[in-house]
Number of protein chains: 2
Amino acid sequence: VNPTRVIERKRDGLALDPADLRAFLQGYLEGGVPDYQMSALLMAIVFQGLSPDETAVLVETMVGSGATLDLGYLDLPRVDKHSTGGVGDKVSLVLAPLAAELGMYVPMMSGRGLGHTTGTLDKLEAIPGFRVDLPLERFKAVLQSVGCAMTGQTDEIAPLDRRLYALRDVTGTVPSIPLIAASIMSKKLAEGLDGLVLDVKVGDGAFLPDAAKARELARTMVGIGVDRGLRTVAVLTAMDRPLGVAVGNGLETAEAIRCLGGDGPDDLRSVVLELATEMALAADPGADRDDAARRAEGALSSGRALDRFERMVDAQGGDVTVLKRPEALCTAPEQTEVRADRSGTVQEVRPRVLGEAVVALGGGRTEVGQDIDSGVGFEVTARPGDQVAAGDVLARVHARDADGLELGRRTILESVRIADGPAPEQFPLVLERISAPGSVES
Amino acid sequence: VNPTRVIERKRDGLALDPADLRAFLQGYLEGGVPDYQMSALLMAIVFQGLSPDETAVLVETMVGSGATLDLGYLDLPRVDKHSTGGVGDKVSLVLAPLAAELGMYVPMMSGRGLGHTTGTLDKLEAIPGFRVDLPLERFKAVLQSVGCAMTGQTDEIAPLDRRLYALRDVTGTVPSIPLIAASIMSKKLAEGLDGLVLDVKVGDGAFLPDAAKARELARTMVGIGVDRGLRTVAVLTAMDRPLGVAVGNGLETAEAIRCLGGDGPDDLRSVVLELATEMALAADPGADRDDAARRAEGALSSGRALDRFERMVDAQGGDVTVLKRPEALCTAPEQTEVRADRSGTVQEVRPRVLGEAVVALGGGRTEVGQDIDSGVGFEVTARPGDQVAAGDVLARVHARDADGLELGRRTILESVRIADGPAPEQFPLVLERISAPGSVES
């Protein structure tokens, strides 16, 4: 196959022969197709998309480019959750041990934060000693003994995806729904799962703010999973305001620990329970939904999920004493309250500016590999619809220094918009459930 | 400037800051911007286009990346012609010496054939000894002494264009009108011209067959030239049938020599005289068109243009004896006539299949750098509208061997379509004249 002809066909919106696309991708892996041809194809895909058949070839080649986890030694179903990322999204830390309580193994491989969203690995590393770079054998051992384990992607998993992502990142070819879907799903398919629950965020703070685009991404990912025999369900959840109160790695970890102890914000708790129920149904498609929801509620309220989290932290080298005093994770030297400068109704709490400010405060990355400060961030107590008087506390800022405090103060006043009259309607916490490429259950 | 941001803006259809685009291009020249970012930008340009301002920056950077000819030592205007290429297009060989007769210098830098069209350099090389790789100083000396000189692009001219073209060729990013226009015009602008006439072919045998696209290319090129103070005019000419009778390098050279001697086909002669008139007007905008046309006619009929061609051939090392017997250029060992297999009216003579067959016969290239056989090709005497009887001669095939003859025979029967009833209307030889980005004079 001539690589240039493949690029030209995609450019012209013609279907690619599966064998030709496979040869192009293999050529890239083996060095015969250079980066400059791949980036041209990727840009053509940004404009012309990929058909389900083409996407399947891409996913298959990505999975086949590396190792796949063999979790056949485990005696219960393996189920994972993936989130497209949002501001204040600390769900994974609560959900993994909770789901393990419901009769499944949760082998969770996560990513780091980049841009305006934080990452699960960064939140876990806020716990002193916690290792997120487990060798595969150690990961499998923790998984077997604890029921859940959380680590970073290893180099052995889907190396083609990693190479493509690095190239996309510097060639303006990230925003393509089939490419995003293939990237996410290839890694999950390599985990050897029985079930997968996708949390697709919608709204200002989401990777894809637009609901139609988020839905398309969800359907594409579900299609890829179902095609390859993986029980896959996607849930569209609200990201038009932050999830929970804490935004910033250590603060979010502290909030997740409180949630595991039965003391988290209602919205976080609701989303966690919804996703736990979906994971239980993915583990056992014959289970009753109401029953699964009740069991999830019980495992969280009883403290059993927190106990399991503690065992996981211990197994992964983390300091379990922070679980007793999560406030120890608030390590920023400067803190201040930000108060309303007028009275009225909180119209909205825009999440994206908060996420961007965390980066500016030193708590996030603009480039892969940067060190971050896990102590900085926000606790935003104001919620859309709240009635406030001038001088009421809207949020608390955690920063390194006085400049950071001032940046944080301005950010809160930009994010938390107060005006007269009722607040515009917010998204419901759970917008839709998608269990097949064409289906939506709201 | 972050190169990724530039790619993203183009991808999203946003205007590029001229300084940012300039920095991107300079970065590419200097090595800071790698091929894979450039090819992604080029593909985004294929989809989103370039504004006139952006095109101007590209052209300016291409011109500035190399040397420009200083032709200030010449005492008459410098005018060149460029053709977008067609089947049987041997115009340059006749036009350069003819225009020089009209009181201008013609510093013609041409290209080689690729794909279904032949190239001026290949036609010149059919003349034994003719050198098309003149060092710049030798080129200038020939130009001064003869009045015209014809050579290949030197490496010193617009190296950015050459690098970009090589990259576009293997990344599916050739078909972009602003990129094509910038590539052509950057080389012409580096020639230090006073005037430029563009011959933009339209129809089946053209690089851009579609009239609307050809017109857009013509307007874009004229816009670039006018912007930079170069008197530029484009003429859209017919390429829905071959120009002249001969197709194939040596055969075309022989036909050009006959045309210089007053014996060429009418259509070739008409196009040459039209373009010569335009060149005369570009050299002297105050001249009278009818008068210029009469002078061109006289220079061709009198044999003065042929004399000047002979001086150029001599100065560039070519064997001038072939000018007396151009049939010596028909070097293919096998020849045959192809006859009509039915009676009727010639509906069309499709040029593209003829051009492609020349490549298949060994007379053209599928890749840069291939050797070619200048003797093979066709003499197609059938013209659209001709009444023919079964057995009438349609064309003569020149080939290396019997297989080539058979291929040529099938090609003629495919190209020359005979049916009952009148032939569909053909394009007029000259469709339109474009002298400003928005103007059309038909």
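Please read all numbers here as calculations on a predicted model, not as lab measurements.

(A) Molecular detail of the overall build of chain A. Of the regular secondary structure elements, chain A holds 16 helices and 13 strands. Compactness check: chain A gives a C-alpha radius of gyration of 22 Å against a globular reference of 22 Å for 442 residues, within 12% of the reference. Projecting the C-alpha coordinates of chain A onto the three principal axes gives extents of approximately 70 × 45 × 40 Å. Relative to its 442 residues, chain A shows a buried fraction of 57%. Working note: accessible area of chain A is about 16,200 Å², and carbon and sulfur atoms make up 47% of it. Averaging the locations of the 47 positively and 66 negatively charged side chains of chain A gives two centres separated by 1 Å.

(B) Spatial organisation of the relation of the copies chain B and chain A. For these two chains of identical sequence, chain B goes onto chain A by a turn of 179° and a shift of 0.0 Å along the axis, with RMSD 0.1 Å. What the rotation and shift describe, once combined, is the action of a two-fold rotation axis. Distance from the rotation axis, computed per C-alpha, reaches its smallest value in chain B at Tyr 36 of chain B: 2.0 Å. Taken together, the interface assignments show that 100% of the residues at the interface of chain B recur at the interface of chain A, consistent with an identical surface on both copies.

(C) Quick look at the side chain of Thr 84 of chain B. All names here are of chain B. For Thr 84, the location among the structural elements is in the loop between β1 (79–83) and α5 (91–101). Of the polar contacts made by the side chain of Thr 84, one reaches the backbone nitrogen of Lys 201; its length is 3.0 Å. Here Thr 84 is in contact with Asp 199, Val 200, Lys 201, Phe 207, Leu 217 and Met 221, once residues within four sequence places are set aside.

(D) Representation of the interface of chain B and chain A. Taken residue by residue, the interface counts 21 residues in chain B and 21 residues in chain A. For the chain B face of the interface with chain A, the top three residues by lost area are Arg 11, Tyr 36 and Phe 47 of chain B, together amounting to 37%. The interface formed by chain B and chain A holds zero salt bridges in total. Connecting chain B to chain A are nine residue pairs in polar contact (both at pLDDT 80 or more). Listed by contribution, the elements that provide at least two residues to the side of chain B that touches chain A are α1 (3–11), α3 (35–48) and α8 (159–169) of chain B. When residues of the side of chain B that touches chain A are assigned to their parent elements, the largest contribution, ten residues, is made by α3 of chain B. Among the residues making up the side of chain B that touches chain A, the classes are represented as ten nonpolar, seven polar and four charged.

(E) Representation of the sheet that holds strand β1 (residues 79–83) of chain A within the structure. Residue and element names in this part refer to chain A. Within the open sheet, the four strands sit side by side as β1-β4-β5-β13. Their pairing is mixed. One side of each edge strand has no neighbouring strand; the edge strands of this open sheet are β1 and β13 (430–434). Each strand of the sheet is rotated relative to its neighbour by a mean of 20°, with strand direction disregarded.

(F) Molecular detail of the nonpolar core. Ranked by internal contacts, the top residues of the largest apolar core, which has 102 residues, are Met 38 of chain A together with Met 38 and Leu 198 of chain B. Discounting residues that sit within four places of it in the chain, Met 38 of chain B has contacts with Phe 24, Leu 25, Tyr 28, Val 33, Leu 164 and Leu 167 of chain B. Membership of the second largest hydrophobic core comes to 92 residues, among which are Leu 95, Ala 158, Val 272 and Leu 354 of chain B.

(G) Spatial organisation of the packing of aromatic side chains. Counted under the stated rule, the structure contains one aromatic pair over all chains. With centroids separated by 4.3 Å and ring planes inclined at 0°, the aromatic side chains of Phe 47 of chain A and Phe 47 of chain B adopt a geometry described as stacked. Taken as a pair, Phe 47 of chain A in helix α3 (residues 35–48) and Phe 47 of chain B in helix α3 lie in two separate chains rather than in one. The cationic tip of Arg 163 of chain A hangs over the ring face of Tyr 28 of chain A; the distance from NZ or CZ to the ring centre is 4.0 Å.

(H) Helix α14 (residues 304–315) of chain B, seen in detail. All names here are of chain B. Between its first and last C-alpha, α14 extends 17 Å over twelve residues, near the 16 Å set by a 1.5 Å rise per residue. Of all the residues in α14, the buried ones are Ala 305, Leu 306, Arg 308, Phe 309, Met 312 and Val 313. Take α14 and look down its axis: the buried residues cluster within an arc of 160°, on one side only. For α14, the secondary structure elements touched by its buried residues are α5, α7 (136–146), β3 (148–152), α11 (249–260) and α13 (289–301). Looking one or two residues beyond α14, the residue adopting positive phi is Gly 317, at roughly 85°.

(I) Representation of the sheet that holds strand β9 (residues 377–380) of chain B in the model. Residues and elements named next belong to chain B. Taking strand neighbours across the sheet as the criterion, the four strands line up as β6-β9-β11-β7 in an open arrangement whose pairing is antiparallel. Among the strands making up the open sheet, the edge pair consists of β6 (246–247) and β7 (334–339). Pairing geometry for β7 and strand β11 (residues 393–399), over six bridges, is antiparallel. Directly across from Thr 336, in β11, lies its bridge partner Val 397. Across the sheet, helix α15 (residues 351–363) touches β6, β9 and β11, and the angle it forms with β9 is around 145°. Along the sheet face, helix α16 (residues 402–415) touches β7, β9 and β11 and points at about 150° away from the line of β11.

(J) Region of the structure containing the packing of helix α2 (residues 18–30) of chain A against helix α4 (residues 52–64) of chain A. Residues and elements named next belong to chain A. At a closest axis distance of 10 Å, the pairing of α2 and α4 adopts a crossing angle of 30°. In terms of their interaxial angle, α2 and α4 are classed as roughly parallel. Crossing of α2 over α4 shows right-handed handedness. Across the interface between the two elements, Pro 18, Leu 21, Arg 22, Leu 25, Gln 26 and Leu 29 of α2 pack against Glu 54, Val 57, Leu 58, Glu 60 and Thr 61 of α4. Looking at the contact of α2 with α4 residue by residue, the classes come out as six nonpolar, two polar and three charged.

(K) Examining the confidence of the model for chain A more closely. Confidence in the prediction of chain A, expressed as mean pLDDT, is 95, and 99% of residues score 70 or more. Interface confidence for the predicted complex, expressed as ipTM, amounts to 0.88; the pTM equals 0.88.

(L) Region of the structure containing the pattern of salt bridges. Overall, the coordinates contain 64 salt bridges over all chains when judged by the stated rule. Where Arg 241 of chain A meets Asp 240 of chain A, a salt bridge forms, and the shortest distance between an N and an O atom there is 2.8 Å. The class for Arg 241 of chain A is buried, based on a relative accessible area of 12%. For Asp 240 of chain A, a relative accessible area of 14% puts it in the buried group. Arg 5 of chain B serves as the salt-bridge partner of Glu 8 of chain B, at 2.8 Å between the closest nitrogen and oxygen. Pair noted here: Glu 8 of chain B and Arg 5 of chain B are both in helix α1, with a separation of three residues, about one helical turn.

Rules used throughout
Residues numbered from 1 in each chain as written. Chains lettered and ligands numbered in written order. Predicted model: local features only at pLDDT ≥ 70, side-chain atom pairs only at ≥ 80, totals over all residues. Heavy atoms only, no water. Helix = DSSP H or I, 4+ residues; strand = E, 2+ residues; numbered from the N terminus. Rg over C-alpha atoms; globule rule 2.2 N^0.38 Å. Buried < 20%, exposed > 50% of the residue type's maximum accessible area, 1.4 Å probe, protein only. Areas by Shrake-Rupley, 256 points an atom, 1.4 Å probe, with all protein chains shown as cover. Lys, Arg positive; Asp, Glu negative; His and termini not counted. Charge placed at Lys NZ, Arg CZ, Asp CG, Glu CD. Least-squares fit on C-alpha atoms with pLDDT ≥ 70 in both. Contact = heavy atoms within 4.5 Å. Polar contact = N/O pair within 3.5 Å; in protein donor to acceptor, adjacent residues only side chain to side chain. Buried area = accessible area lost by both parts, 1.4 Å probe. Salt bridge = Lys/Arg side-chain N within 4 Å of Asp/Glu carboxyl O. Nonpolar A, V, L, I, M, F, W, Y, C, P; charged D, E, K, R; others polar. Pairing = 2+ DSSP bridges. Axes fitted to C-alpha atoms, helices over the stretch in contact; angles between N-to-C directions. Core = buried A, V, L, I, M, F, W, Y, C linked by side-chain atoms within 4.5 Å. Phe/Tyr/Trp six-rings, centres within 6.5 Å; stacked < 30°, edge-to-face > 60°. Lys NZ or Arg CZ within 6 Å of the ring centre and 35° of its normal. Expected span 1.5 Å × (residues − 1). Arc of directions from axis to C-beta. Parallel < 35°, antiparallel > 145°, perpendicular 65-115°, else oblique. Left-handed = near helix turned anticlockwise from the far one by under 90°. pLDDT = per-residue confidence, 0-100.

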